[in-house]
Structure formats: structure tokens, C-alpha cells
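In case you want the letters, here they are:
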Amino acid sequence: MSGQSEVTSWIAKELSWLSFNERVLQEAEDPEVPIIQRIRYLGIFSNNLDEFFRVRVADVRRLAAFSPPSKQDEYKALLEEIRQMVMKLQHRFDAVYQENLKELRRRKIYLVSERQLDETQTKFVREYFHSHIQQELVPIILDDANPIPELNDASIYLAIKLSREQQTRFALLEIPTVRLDRFIRIPGRKGKHGKVLIALENMIRVCLPEVFRGIFPLDETAAYTLKLTRDADLELGEEVTHTFVEKMTQSLKRRKKGDPVRFVYDGAMPKDLLDYLVKRLGLGRLDSMIPGGRYHNSKDFMSFPNLGPAYLDSKQLPVIPLPAIDQAENILSCLREQDILLHYPYHSFNYLTDLLKTAAIDPAVKTIKASLYRVASNSHVVDALLNAVANHKEVTVVVELQARFDEAANIALSQRLTDGGVNVILGVPGLKVHSKLISIVRQEGSVQKYYSHIGTGNFNEKTAKVYTDFSLLTYDQALGDEVAKVFDFIAYNYKRHEFKHLGVSPLNSRERLLGLVETEIRNAKKGRECGITLKCNNLVDRELIDKLYMASSVGVPVRLIVRGMCSLVPGVKGLSDNIEAISIVDGFLEHPRVYIFRNAGEPRYFISSADLMTRNIDFRVEVTCPVYSKALQHTLQSIIDLQWADNMKARILDASQSNVFRPRKKSAARIRSQLLTHKFLSTGKLPRMAKLEYRPRLKTKPVKVKTKTKTKTKTKTKK
């Protein structure tokens, strides 16, 4: 992108994100993954790519269009790199898709096209079309005199070519996957064993002339799938008041008319139809036009049914009980005895809702405050908060209206809570409230005591079954006091509180984080025990990355477990020799943020809602919380040790972005961290594995490392 030195010290976050999605695709092509789960990984890959274009590519596209001329070429070049990488991944996706279809056929499960139907199956499809599908279809005849209606970027369409005696007309038809299943089971071939599925659009293709109800005679019809992805930016102002709800509603309407950023189409589409659509949709040179196979919106594979035996799908792990809570009088009395660390989905999310439900009916509880970013559609968390109001508690809920793609749901949520008597706060001007906090105040004798929750994930029962996350439940009054101060900052953001324990974005997170790294640098220079372990979703903040490079150059061992984007480049000689990085993609989405600093033999442990991105550190309300309990520190360290030892689902992150799986010696035990974490939390037992080593480092001397933009003084260990 810029100079060679810049390339070796920084990976564009968009390219790093595509590398992450390649890791998802690796799971779809791994023969050791059950076939139904492989199919669903194809859906996850496709769904990820949709959001990537709606958000990240849209951002680069705007920069390419509106940056100063000196920078426009750089962003245009990045757009082309993105396009090339997406094309490669799309070709690979198509190949994996075909291989997985073969595996399904081997298991006597068939996904067929309309061309493969026999007479009996065709009759069934026609009957199904007339009874279930036809009434859902609203075809649009295209003509030059009228604009094309705005296409829904969550849907796929059939672009249809209608021919009659040398005359050609074009039409568009939205596939109604919101109302109907995408994959429909039909009878098998006569005399053949097996279970047969057909895609909804192929059912429509069988009866395509009937879609137009004989309005005009047709000699020939042909249909080709297409998908349009739009810019998801809402262009919101800074004011967050109740009028903000109206602004958000209007912005959501504008999103439906956002500029196109990607046009994916059937590569077999005839040129006259393609040229017509490109012209009428106003696609330009900055838009990604990607030819593909016959099927699009593969995100629907996320709900692909298992028609075979259970072993074709991933085995569900049993939920692990927590005797400390289960045997206590109630969850509040349990917290008075000890802190609790919940680790979803290994532990049940019901423990969290039980906390709120217990507080809702406890006469001694006076107030409950919670911050909601994303919740489930039928949320027990929301039910408990409304029940607390009915039981005469003072309940305050922060609802973040700018939770991307959940804006409409959160508008409705805020109204429901308001109608139920909850005091609703709609965020902070200019900031997103992304912290995962609950503050419960209970009258105990003559004083009021805090019961607090600080977490890494959303209060969402649905995602808590598939995302790994941590919830710290604590009776620690110092932490409780600071959690209450965060809510006070959200309500009255002109106030400035002192935080001794919590890192709170945007108030002190950057200072605290850089300070913790600086402490490890000083320890390394003094020959003391030092080391940094960061587990996060994304690492792209430049100042922090530069600080980690500095730590590496003086001999601090840095271990990174990054699920998604990682702009830092590990293992570069003279820059990041002491930095290693892996990424784990497995059945559960790795979502927690855990930060560990060795601190001269007195290690410090933190969990956080904040990723290591500039927006999270500086422009959101986020909370990083220390974990003080020695028992819980041991739990965190053991889980991180398991992840670092993973030799089945861990990929090495490096400059090549090749996503090579971590090598495993033939004699070494197979360590799949997610399964072994479940075993550890169930039994307390860990497998034999190499511990992370943190050793005192030798004295250092400064070494200058040049980049294109500036020269930085860094150090490296003497040989």
C-alpha cells in the first residue's frame, strides 16, 4: 500500500478481515467437521461477507470517493485488492460447495436443481408452488420509463429474461425467503432411497411462466440469481435525545436506499440482461461486481436442516452446572460468599437471568440498572427488568439505538421498556454504549450494597449458546461503586469520575492499556518476569500496536489470540521477534476479551467489553474490569493456556496471512481447546500441555527501526 517497511509492520484491517473469513471457509472444507456443520459454515462465510461489504467496503469506498486526491489512489488500490481477494475466496467457496454436495449425496441427502426432477417430483413442485409460493411472489416488469424499485439487500432476486418473437423484456422477482424456507424437502425419485431438498428459487424456475399469469404470451423464459449489497452507514447526527428515535427511524429508511457496494450475479447471465441491470442500478467503477455461481445468499445455509442421523451434525455439549449457585439459598447470597465467573456457552445463561429475576422480587433490592446493546427477540432479561418495575423497584436501562443492524429492534425495545415504567436512557452523545453492565443496589441493615455484573458479551440468550463469553458476578463493593459511576457518566456525561479499578472508555482506557504495556517494558529492561497475553476479536489500534512492537523489541514475550482482524504483524525480525499470534475458529464463536500482564511475578488479569480498536478505546463506552479472585484468575489462566496449546483449531497469524494450522507432532496429544475447556470446567482437570513461559530478559540496547512516515527508537535483545 505505501512503502515496503509499512507493509511489513501493518496489515490493512480489511484484508485481515478477509483472512479471518478464509478461516471460516477452512472449517467448511475440513473433512473432520461433520458435513451438516460444514454446510452451515458456508452460510456463516456468506453472512460475514455480506456484512463486510455493507460496512467495511462501504467505508473504503467513501474514502476512495471523498479523500484528498493524494489519498484516493491508495484507497482505490485497496478496493482492488479487496475485490481480487474476494474473487479468490468466492471461487474457493464454489469448489467447497460442490465438494460438500458430493458428501451429502454420499450420505443419501440430495440438493437438486429443477433440471434433475423426475415426473413425480415435478408434479409435487408444481402443486407446492400453487399452494404455498405463488401468492408470495410480486414480479416487477422493468422498462426505461420507470425507475427500478429499491432492492432489498437482505434478499436475493431472480433477474428474468422473457422472450417472444424477437422481442425481449426483463423482470425482477424477489425470492420470499422471509416467509418461506429456502430449502424445501420433496419426495425422492421413484425406487430410489434418499432424502431430497430443492432450493425455493428452483421451485419458482419450474413454474416461471406461471409467475406472469399469462398476461402476455412467452416463447422462452430464463432466470438468473443476483444480490445487491448496500452501504449500511446511517449518517446520524450527534444529538441523542428522544427525537433521536425519529432520526434513527428515518436513517433506517435511508439505509434501504444506500449506495450499492457489491453486485453479485450468476456468471451465466446473458450480456444484454447484465448490461441493462448495471446501467439501471447505477453501478459505478468503485462498486464490486462479482460473477459467481447459480446460487447466492448462501447465508441461508446457516439454517440448513439435518435430514440424516445425528452424527452428521455437531454434537451439543451438556451445560455445566455451578454447585456454588445451585446449592446456595439464592444467587445473591452466593455472591456474598464468592465472586462467580460464568463462561458461556459452557455455563447456562439462565444464571444471569436468575440474578435479575431474584433481584426483581427481593424486597431489599431498591434499584437495578442495566446496559443493553443486543438482546434476544423474546428476552428473559427484559421480562425480568419489567417484572422488577412491577415489584416497585427503580429500574434504569441504557438502550443503545446504534447497535448496527439491531437499530429497529432496539427502537421497539426502548418503547416497550418505557411503556413498562422503566427509565430508559438512549445512549451518550457521540458515543456508543457497548459496555455489558448490571448494577443492583440492595438495602442491607443501615447501608446499601452493590451486586454487579461486568461482562464481555451481550445480554442475549440466543447468542450465549453459540458465542463464548465471560460474565463476572461480584459483591466487591469497590468494583460495584465504580460500575455505578459508569451508569452515572452515561446519564450525566458532563461529570468526571475517578476510576481506580475499572478501565472506562473513553475516559481512561487508552492510558491504562498503554500503561500496562509500559510496565512490562520496564520489567523487561530490569530483568524481571514480564509477558503479555491478549485475547480479543480485533487488534487494529495503531498506537497500541506500536507499543507492542516496542515491548517485543526489548524482549517482552507477547502472545496474541485474535479471532478476527489483526493489523499487527508477528515475527518480523527486529520489530516483532517476540510476538506470536494465533486465531481459533471452531464450533463456538470466540468472543471474549481477556488481557493478562505478568507484572514482575504478580500477574494482573482483566476481562473487557472492548476490542483493541480505536473506536472501542476512544469512541465508545466500554469497561475493562480486573479479576481479583485468585480462584478465578486460575480459571482464566487455564482457559488461556488451553487456547494457546490448541493444535487442532488454531491457525498461525503472520505476514503471509496463509492461515496455516498450528503444526502438531505425531506423538503430541490432540488439544482442541473448546472441547477441553468444557472438560476443565466440568472436572477441574487439564490435559498435559506446555505452559506459557515468561522469563527474565537480558539488558537491551536501542535500535532504530525506520518506517515510511517516521523513525521510531526501539530496542532489541542483545544476542
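Structure: see above.
Residues numbered from 1 in each chain as written. Predicted model: local features only at pLDDT ≥ 70, side-chain atom pairs only at ≥ 80, totals over all residues. Heavy atoms only, no water.

Participant: I would appreciate a short explanation of the overall build of the protein in the present structure.
Facilitator: Helices and strands together make up the secondary structure of the protein, namely 20 helices and 28 strands. For the protein, the proportion of its 719 residues judged to be buried stands at 57%. For the protein, long-range pairs separated by at least 24 residues make up 73% of all intrachain contacts whose partners lie at least 6 apart in sequence. (Helix = DSSP H or I, 4+ residues; strand = E, 2+ residues; numbered from the N terminus. Buried < 20%, exposed > 50% of the residue type's maximum accessible area, 1.4 Å probe, protein only. Contact = heavy atoms within 4.5 Å.)

Participant: Could you clarify how one ought to interpret the side chain of Asn 202 in this entry?
Facilitator: Structurally, Asn 202 is set in helix α6 (residues 200-206). Accessibility expressed as a relative area gives 0% for Asn 202, which makes it buried. Within the local environment of Asn 202, its side chain forms a polar contact with the side chain of Arg 205, the two groups lying 2.9 Å apart. Aside from chain neighbours lying at most four places away, what touches Asn 202 is Val 112, Ser 113, Glu 114, Arg 294 and Tyr 295. (Polar contact = N/O pair within 3.5 Å; in protein donor to acceptor, adjacent residues only side chain to side chain.)

Participant: Where do I start with unusual backbone geometry in this structure?
Facilitator: Most peptide bonds are trans, and most residues other than glycine sit at a negative phi. Of note, the amide linkage connecting Tyr 344 to Pro 345 takes the cis form, showing an omega dihedral of 0°. Structurally, Pro 345 can be placed in the loop between β10 (340-344) and α12 (350-361). Between Ser 505 and Pro 506 the backbone carries a cis peptide bond, its omega angle lying at 5°. Secondary-structure assignment places Pro 506 in the loop between β18 (503-505) and α16 (509-525). Of note in this structure, Gln 657 is not a glycine but carries a positive phi near 50°.

Participant: How do you make sense of the pattern of salt bridges when you look at a structure like this?
Facilitator: Working definition: two side chains of opposite charge can pair if their charged atoms are close together. Under the defined criterion, the tally for this structure stands at 40 salt bridges. We note a salt bridge from Glu 518 to Lys 547, for which the minimum N-O separation is 2.6 Å. Note that Glu 518 is positioned in helix α16 and Lys 547 in helix α17 (residues 542-553), a separation of 29 residues in sequence. On the basis of relative accessible area, Glu 518 is assigned to the partly exposed category, the value being 23%. (Salt bridge = Lys/Arg side-chain N within 4 Å of Asp/Glu carboxyl O.)

Participant: Which parts of the structure should I look at to understand the environment of Pro 626?
Facilitator: Within the secondary structure layout, Pro 626 lies in strand β25 (residues 620-626). In the structure, Pro 626 is positioned 32 residues away from Val 594 in sequence and 9.9 Å away in space, judged by C-alpha atoms. Not counting the four nearest positions on each side in its chain, Pro 626 is found in contact with Leu 472, Leu 479, His 501, Leu 502, Tyr 605 and Phe 606.

Participant: Looking at this structure, how should I read the pairing of strand β8 (residues 260-266)?
Facilitator: Residues in a regular strand point their side chains to alternate faces of the sheet. In terms of burial, β8 is a largely internal element, seven of the seven residues being buried. Both strand β7 (residues 220-230) and β8 contribute to a ladder of five bridges, which runs antiparallel. Bridge assignment links Lys 227 to a residue of β8, and that residue is Val 264. (Pairing = 2+ DSSP bridges.)

Participant: Looking at this model, I keep getting lost on the sheet that holds strand β5 (residues 183-186). Mind explaining?
Facilitator: Backbone-to-backbone hydrogen bonds join strands into a sheet, with any given pair of strands oriented parallel or antiparallel. Here we have three strands laid out as an open sheet, ordered β1-β6-β5, and mixed in their pairing. Each edge of the open sheet carries a strand with a single partner, namely β1 (109-112) and β5. The mean inter-strand angle of the sheet, taken between neighbouring strand axes irrespective of direction, is 35°. Pairing analysis gives four bridges linking β5 to strand β6 (residues 195-199), with the strands arranged antiparallel. Bridging from a neighbouring strand, Ile 186 pairs with Val 196 of β6. In the packing of helix α5 (residues 119-133) onto the sheet, contacts are made with β5 and β6, and the angle to β5 comes to roughly 130°. (Axes fitted to C-alpha atoms, helices over the stretch in contact; angles between N-to-C directions.)

Participant: Honestly, the packing of helix α19 (residues 630-645) against helix α20 (residues 673-683) in this entry has me stumped. Any pointers?
Facilitator: A pair of packed helices can be characterised by two numbers: the angle between their axes and the separation between those axes. Where α19 contacts α20, the two axes come as close as 9 Å, and the packing angle between them is 150°. It follows from the interaxial angle that α19 and α20 lie roughly antiparallel. In this structure, the crossing between α19 and α20 has a hand that is right-handed. When α19 is examined against α20, the residues Thr 635, Ser 638, Ile 639, Leu 642 and Gln 643 are found in contact with a partner set consisting of Ser 673, Leu 676, Thr 677, Phe 680 and Leu 681. Across the contact of α19 with α20, the residue classes tally to five nonpolar, five polar and no charged. (Parallel < 35°, antiparallel > 145°, perpendicular 65-115°, else oblique. Left-handed = near helix turned anticlockwise from the far one by under 90°. Nonpolar A, V, L, I, M, F, W, Y, C, P; charged D, E, K, R; others polar.)

Participant: Would you mind going over helix α9 (residues 271-280) with me for this structure?
Facilitator: Helical geometry note: an α-helix holds 3.6 residues per turn, so side chains three or four residues apart project in the same direction. Residues of α9 that are buried include every one of Leu 273, Leu 274, Tyr 276, Leu 277 and Val 278, and no others. Two residues or fewer past α9, Gly 282 is found with a positive phi of approximately 70°.

Participant: Would you take a moment to explain α16 for this structure?
Facilitator: Here α16 contains 17 residues, and its C-alpha end-to-end distance of 25 Å stays within 8% of the 24 Å for a straight helix at 1.5 Å per residue. Taken residue by residue, α16 has Ser 509, Arg 510, Leu 513, Leu 514, Leu 516, Val 517, Thr 519, Glu 520, Ile 521, Asn 523 and Ala 524 as its buried positions. Where the residues of α16 are buried, they touch β18, β19 (532-536), α17, β23 (593-597), β24 (604-608) and α18 (614-618). Count one or two residues on from α16 and you reach Gly 527, which has phi positive near 75°. (Expected span 1.5 Å × (residues − 1).)

Participant: What is the right way to look at the state of the cysteines in this model?
Facilitator: Working definition of a disulfide: a covalent bond connecting the sulfur atoms of two cysteines. Enumeration according to the criterion identifies zero disulfides in this entry. Free of any disulfide, Cys 566 has its nearest neighbouring cysteine sulfur in Cys 536, separated by 7.3 Å. (Disulfide = S-S within 2.5 Å.)

Participant: What exactly am I supposed to notice about the packing of aromatic side chains here?
Facilitator: Note on aromatic pairs: each is described by the distance of the centres and the angle between the planes. With the rule as written, the count across this model stands at 16 aromatic pairs. Ring geometry for Tyr 346 versus Phe 588: centroids 5.8 Å apart, planes at 85°, classification edge-to-face. In this pair, Tyr 346 sits in the loop between β10 and α12 while Phe 588 sits in the loop between β21 (579-584) and β22 (589-590), placing the two residues 242 residues apart along the sequence. Phe 588 sits in the buried class, given a relative accessible area of 17%. These aromatic residues form a ring-pair network of at least three members: Trp 17, Phe 20, Phe 52 and Phe 53. Over the face of the ring belonging to Trp 10 we find Arg 542, whose NZ or CZ atom lies 3.8 Å from the ring centre. The ring centre of Trp 644 lies 4.9 Å from the NZ or CZ of Arg 662, which sits over that ring. (Phe/Tyr/Trp six-rings, centres within 6.5 Å; stacked < 30°, edge-to-face > 60°. Lys NZ or Arg CZ within 6 Å of the ring centre and 35° of its normal.)

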